Amino acid sequence: MSTRTRTGNEGLLGSDDLVAVLVEAVLWTAWAVLRTVVSMLCAMVRHPLLTILGVTLAACWLLVGWRGGALCIAAVAVGLGTWRLLHPPSYRAHVHVAVLTLVRSAYYRTRWRHIAESVDLVVYDRDGSRHHRSTTRGSSNRSVQLVKVRATSHGTDRLLLRLPTGLVPADVATRCEAIAHATGCLSAAVRPDRPGRCWLELKRRDDLVRTVSPVPASETVELHAVPIGRREDGGPWLLKVAGTHLLVAGATGAGKSSVLWSLLQGVSRGLSSGVVQVWAVDPKGGMELRPGRALFTRYEDASPEDMCRLLEDLVDVKDIRSRQLADAGARVHQPTPESPHVIAVLDELATLTAFADRAVTRRIDTALGMLLTQGRACGITVVAAVQDPGKDIVGWRDLFPTRVAMRLDNPLQVSMVLGESARDDGARADEISELTPGVAYVRIDGTREIVRARAAYLDDRDVAHLVDDVSARRVDQTAGDDSARPVLTTADLPATMRATREGDQS
Ligand SMILES: Nc1ncnc2c1ncn2[C@@H]1O[C@H](COP(=O)(O)OP(=O)(O)OP(=O)(O)O)[C@@H](O)[C@H]1O
């Protein structure tokens with residue numbers, strides 16, 4: 001008679017019945033073989049290139065012997081070397097990443113279970129004991145499991161994790177720092193996937209430590225996606241300009257001006273054709289924007305009164321446009337040289353009202369409020385830089401749909417700029433190094449996803465070149481085509497309106 005009793009979790013292997021033990025052993029072996037075959041087939045489908053290479057090599061070896069194999073290896077090496085020389089991007093995307101994925105996959109798969117347990121990504125029993133594969137086979141789904149590993153060419157490994165009941169992506173996010181240390185990575189962040197799963201992104205290398213060169217101006221200006229730098233994932237940082245207002249927040253020296261100059265570079269063809277105009281205000285006395293004065297249709301950096309007038313003139317443009325849109329039954333402004341898209345650049349928003357007297361401050365508040373609440377549909381975008389996103393601009397902050405968080409002083413400021421959960425979603429703008437000006441966190445348009453990016457840097461020579469280029473193209477175009485000249489200039493339209501407004505006020 002058996003001296004042992006079986007529990008539900010022990011399975012047949014815990015039994016004293018020899019036949020049952022043998023049956024279960026055979027079943028488990030068959031199951032393991034099946035799983036191995038299926039995962040090999042999946043790997044072959046996922047990496048067709050490596051599969052073809054492997055099969056060709058094996059065939060040569062079998063058919064021609066070791067000389068055939070060696071010849072095949074040499075041919076493959078020469079082929080890959082040539083590919084790498086002739087077209088590095090496609091080589092990186094198809095070969096380098098595939099090999100990296102295989103290597104990293106093996107590394108993470110052997111270490112993941114230990115890491116998950118060490119950083120406590122485990123669901124506990126009510127009595128406090130852990131559930132995971134090593135305690136009982138029946139509860140194997142209670143620790144966070146590694147589903148898939150993807151290496152990338154930009155130094156980030158992506159791990160798809162399956163969460164056991166009781167854990168949510170936020171739990172993994174709280175362990176990110178520990179996971180980064182355990183895997184020897186610079187940092188880790190969690191990205192959403194479908195319910196029950198999440199992506200863990202482990203950064204092994206930071207491509208944004210190097211300064212990003214100015215993005216060459218493209219012939220057509222796409223105001224919904226102006227390239228201004230490079231994203232951490234290697235893609236271009238595209239900024240939406242039409243139909244939004246942009247707030248760029250960053251401590252002094254964070255590189256806010258590189259976002260502004262890169263934006264100007266990105267719309268430069270629009271500036272020369274007259275489809276885009278920039279009205280600029282530099283409350284810091286012209287220190288930042290004056291070198292680009294020739295780019296701007298309107299520019300003020302002297303007195304608060306002048307800057308206020310510029311904003312009020314823009315409100316007048318808005319009023320005219322909204323009447324025109326209403327008459328035409330249209331809801332959104334379409335930029336043309338006759339009615340260009342206007343970008344109002346305000347460097348250091350808080351300083352704008354800091355030195356103005358009460359009456360002017362009130363007028364600035366009113367004008368800015370009108371532009372921010374009604375300007376978007378009329379083809380007006382306000383782009384404002386600010387050092388402190390705190391109380392000085394609290395009334396305006398929420399009126400900027402697009403916000404960029406550069407290096408900030410504390411986590412509270414990160415929440416002020418990108419929203420409550422932004423820091424948990426990976427926006428660690430308060431941890432950006434002073435050695436990497438231009439680095440920023442920004443939300444991907446229309447999603448909750450946050451990306452890290454670096455604005456391109458235009459030095460004084462680049463700025464001078466930009467100004468010369470736009471001026472030269474403007475001259476060429478106005479010489480050849482009168483309709484290309486911007487119609488909405490300082491000289492005519494706003495002056496008459498100012499007179500009307502002053503009459504109204506008196
Ligand atoms: N994108 C960038 N890449 C590399 N270096 C940059 C970048 N942006 C700025 N820098 C460097 O950092 C310095 C400070 O940048 P910048 O003047 O743009 O900061 P800021 O945020 O505008 O500061 P402030 O609010 O004090 O004007 C620049 O002089 C430049 O040398």
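Residues numbered from 1 in each chain as written. Predicted model: local features only at pLDDT ≥ 70, side-chain atom pairs only at ≥ 80, totals over all residues.

Now for the overall build of the protein. Tallying secondary structure elements over the protein gives 15 helices and 14 strands in all. Going through the 506 residues of the protein one by one, you find that 34% of them count as buried. In the protein, 65% of the contacts between residues at least 6 apart in sequence involve partners at least 24 apart. (Helix = DSSP H or I, 4+ residues; strand = E, 2+ residues; numbered from the N terminus. Buried ≥ 20, exposed ≤ 12 C-beta atoms within 10 Å, placed from the backbone. Contact = placed C-beta atoms within 7 Å.)

Another aspect to go through is the UniProt feature "binding site: ATP" (unreviewed entry) in the protein. In the numbering used here, UniProt assigns the "binding site: ATP" (unreviewed entry) feature to Gly250, Ala251, Thr252, Gly253, Ala254, Gly255, Lys256 and Ser257. Locating glycine 250 in the fold gives a position in the loop between β7 (246–249) and α7 (256–266). Exposure remark for glycine 250: the 30 C-beta atoms within 10 Å place this residue in the buried category. With respect to the element layout, glycine 255 can be found in the loop between β7 and α7. (UniProt positions renumbered as here; feature names shortened; annotations may be inferred.)

All right, on to the site of the ligand then. For the ligand, the set of nearby residues contains 15 residues, the closest of which are Gly255, Ser257, Ser258, Gly438 and Tyr457. Sorting the residues of the shell around the ligand by element identifies α7 and β14 (450–455) as the ones contributing at least two each. In terms of residue count, α7 provides more of the shell around the ligand than any other element does, three residues in total. Residue composition of the shell around the ligand, grouped by class: four nonpolar, nine polar and two charged. (Near = placed C-beta within 6 Å. Nonpolar A, V, L, I, M, F, W, Y, C, P; charged D, E, K, R; others polar.)

What follows is about α7. The element α7 is largely enclosed, with a buried count of 11 among its 11 residues. Along α7, the residues classified as buried are Lys256, Ser257, Ser258, Val259, Leu260, Trp261, Ser262, Leu263, Leu264, Gln265 and Gly266.

Another aspect to go through is the environment of valine 439. Here valine 439 is to be found in strand β13 (residues 439–443). Considered as a pair, valine 439 and valine 404 are 35 residues apart in the sequence and their alpha carbons are 9.9 Å apart. Ignoring any residue separated from it by four or fewer positions in sequence, one finds valine 439 in contact with Leu208, Met406, Ile432, Arg452 and Arg454.

Another point: the sheet that holds strand β6 (residues 236–239). Read across the open sheet, the 10 strands follow the order β6-β5-β14-β13-β12-β7-β11-β10-β8-β9; overall the sheet is mixed. Two strands close off the open sheet at either side, each with one partner strand: β6 and β9 (298–300). Strand-to-strand twist of the sheet, defined as the mean angle between neighbouring strand axes without regard to direction, takes the value 30°. Bridge count between β13 and β14: five bridges; the pairing is antiparallel. Counted as the bridge partner of arginine 443 is isoleucine 450 from β14. Contacting β5 (226–231), β6, β7, β8 (276–281), β10 (341–346), β11 (380–386), β12 (402–405) and β14, α7 crosses the sheet at an angle of about 135° to β5. Running over the sheet, helix α13 (residues 411–418) touches β7, β12, β13 and β14 and is turned about 160° from β12. (Pairing = 2+ DSSP bridges. Axes fitted to C-alpha atoms, helices over the stretch in contact; angles between N-to-C directions.)

According to the domain assignment, the protein consists of domain 1 (46–86), domain 2 (87–205) and domain 3 (212–505). Listed by partner, the interface residues are eight residues for domain 2 and six residues for domain 3. The set of elements that each furnish at least two residues to the side of domain 2 that touches domain 3 consists of α5 (169–174) and β3 (187–192). Looking at the side of domain 2 that touches domain 3, its residues break down into three nonpolar, four polar and one charged. (Domains from an automatic or database assignment.)

A word on unusual backbone geometry. Despite not being glycine, aspartate 120 shows a phi value in the positive range, around 70°. Inspection of the secondary structure assignment puts aspartate 120 in the loop between α4 (88–118) and β1 (145–151). A residue is classified by how many C-beta atoms lie within 10 Å of it, and aspartate 120, with 14 of them, is partly exposed. Here the phi dihedral of glutamate 348 falls at roughly 60°; this positive angle occurs in a residue that is not glycine.

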